[in-house]
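Examining the three-dimensional arrangement
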Number of protein chains: 2
Amino acid sequence: PASLTLWDEEDFQGRRCRLLSDCANASERGALRRVRSVKVENSAWVAYEYPDFQGQQFILEKGDYPCCGAWSGSSGHHSNQLLSFRPVLCANHRDSCVTLFEGENFQGCKFELSDDYPSLPSMGWASKDVGSLKVNSGAWVAYQYPGYRGYQYVLEQDRHSGEFHTYSEFSTQAHTRQLQSIRRVQH
Amino acid sequence: PASLTLWDEEDFQGRRCRLLSDCANASERGALRRVRSVKVENSAWVAYEYPDFQGQQFILEKGDYPCCGAWSGSSGHHSNQLLSFRPVLCANHRDSCVTLFEGENFQGCKFELSDDYPSLPSMGWASKDVGSLKVNSGAWVAYQYPGYRGYQYVLEQDRHSGEFHTYSEFSTQAHTRQLQSIRRVQH
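Thresholds applied
- Residues numbered from 1 in each chain as written.
- Chains lettered and ligands numbered in written order.
- Predicted model: local features only at pLDDT ≥ 70, side-chain atom pairs only at ≥ 80, totals over all residues.
- Heavy atoms only, no water.
- Domains from an automatic or database assignment.
- Buried area = accessible area lost by both parts, 1.4 Å probe.
- Salt bridge = Lys/Arg side-chain N within 4 Å of Asp/Glu carboxyl O.
- Polar contact = N/O pair within 3.5 Å; in protein donor to acceptor, adjacent residues only side chain to side chain.
- Core = buried A, V, L, I, M, F, W, Y, C linked by side-chain atoms within 4.5 Å.
- Buried < 20%, exposed > 50% of the residue type's maximum accessible area, 1.4 Å probe, protein only.
- Contact = heavy atoms within 4.5 Å.
- Helix = DSSP H or I, 4+ residues; strand = E, 2+ residues; numbered from the N terminus.
- Pairing = 2+ DSSP bridges.
- Axes fitted to C-alpha atoms, helices over the stretch in contact; angles between N-to-C directions.
- Least-squares fit on C-alpha atoms with pLDDT ≥ 70 in both.

**Looking at the domain arrangement of chain A**
All names here are of chain A.
- Along its sequence, chain A is carved into domain 1 (3–87) and domain 2 (97–184).
- Taking only C-alpha atoms, the centre of domain 1 and the centre of domain 2 are 24 Å apart.
- Surface buried jointly by domain 1 and domain 2 totals about 1,200 Å² across both partners, of which 42% is contributed by carbon and sulfur atoms.
- Linking domain 1 with domain 2 are two salt bridges.
- At the junction of domain 1 with domain 2, the criterion picks out six residue pairs in polar contact (both at pLDDT 80 or more).

Written as structure tokens, this is what we have:
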């Protein structure tokens, strides 16, 4: 069963609050005004910058996140704030498959992946963008920059039937269409 | 053949300088006082915060890095500065193997990996630290936090014979012994 603990100070200090399922606004629970550190005890989770699963996404796999720097993927997109949380659906590190398409609505060149790719350009993907994608199995995280940096997007087979017709369907912030790395989520 | 281009302004603007091999101090070449954006055209590279391959390490695989936020793995360890660069040796995304040891000098519990692990705790690695490690083939990047965040350490089979007896042999900054994720380098 999924579980995660939040603290309102860095290094697992201060008040705390334990989550076992979706939480649309952590500031309404357990008197936590803010979140400064997180421990993921079970399952993989997605955290969002704003309530109701809005704003920047942050993948949180099992382990310790003692400060904001531990969940923010890149210094260019610093976020102090995590306000909503949910477990990732259907992550399967051994059996995951995703198809990338160059154009929107599953048009143009495509490429099927079943392994992690820290550099899509290195794999031969000519474009800096991905127009649309289909998750055939498992759960994935796609990133703006090579090496799993920059904006993060969690993509699950069990959400939207795994179909993302345009960039805006997988981004919750929509600042850029760039995707330069992608990997499987580990439960 | 390895190649990488540096610019002294963000978004690939300003003066530029192209590297084809090891460069111990970029500020002594091509009149670049500083590095603000990078394109990796071929091979994977490691960049360092200070001259002579000292300070924080940053893995740079093929792709575009338009600003500091694109290479810094985490907002907690912001580095504006890249001053030395070298190609990564022997990266092999399909055939890589590393053994982690709980204690220094290859003592204690061990675990052999040949796949990427965004969460070592999730894999069953009980400790937050790794005491020593042997790279049996390929090149790897290990990270302080889960999900490939925080301090980065490049580990190659062809350097130190792939043997890292203590934390200080693979870290060039030695702030912490924590390793919570590890992955193969992609050429």
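There is more to say after this.
**Things to note about the nonpolar core**
- In this structure, A:Ile59, A:Val88, A:Val185, B:Ile59, B:Val88 and B:Val185 are the most contacted members of the largest nonpolar core, which totals 24 residues.
- Setting aside its immediate chain neighbours within four residues, A:Ile59 contacts A:Trp45, A:Val88, A:Val141, A:Tyr143, A:Gln152, A:Val154, A:Arg183, A:Val185 and B:Arg149.

**Describing the environment of B:Gly63**
- By the element assignment, B:Gly63 lies in strand 6 (residues 63–65).
- For the pair B:Gly63 and B:Ala44, spaced 19 residues apart in the sequence, the C-alpha separation amounts to 9.6 Å.
- In contact with B:Gly63, not counting residues within four places along its chain, are A:Pro121, A:Pro146, A:Gln180, B:Val38, B:Lys39 and B:Val40.

**Details of the sheet that holds strand 1 (residues 3–9) of chain B**
Residues and elements named next belong to chain B.
- Ordered in space as 2-1-3-6, the four strands form an open sheet in which the pairing is antiparallel. Of all the strands in the sheet, the pair left with one neighbour each is strand 2 (13–19) and strand 6. Each adjacent strand pair in this sheet contributes to an overall mean axis angle of 15°, direction not counted.
- Both strand 1 and strand 3 (residues 37–42) contribute to a ladder of five bridges, which runs antiparallel. Residue pairing in the sheet places Ser 3 in a bridge with Asn 42 of strand 3.

**Here we look at the interface of chain A and chain B**
- On the side of chain B, 41 residues touch chain A, which itself brings 41 residues to the contact.
- Counting each side, the surface lost to burial between chain A and chain B is near 3,100 Å², with a carbon and sulfur contribution of 44%.
- Run the count over chain A and chain B and you get two salt bridges.
- The shortest N-O distance in the salt bridge between A:Asp115 and B:Arg184 comes to 2.9 Å.

**Some points on the pattern of salt bridges**
All names here are of chain B.
- Applying the stated criterion across every chain yields a total of 18 salt bridges over all chains.
- Taking the shortest distance from any N to any O, the salt bridge between Arg 18 and Glu 41 comes out at 3.3 Å. A residue pair is termed long-range when its members are at least 10 positions apart, and Arg 18 in strand 2 and Glu 41 in strand 3 qualify at 23 residues.
- On the basis of relative accessibility, which here comes to 24%, the residue Glu 41 falls in the partly exposed class.
- Here Glu 156 makes a salt bridge to Arg 86, at a shortest N to O gap of 2.8 Å.

**Looking at the relation of the copies chain A and chain B**
- The two copies are related by a screw operation: chain A maps onto chain B through 180° of rotation and 0.0 Å of translation along the axis, at an RMSD of 0.0 Å. On this basis, the relationship between the two copies can be described by a two-fold rotation axis.

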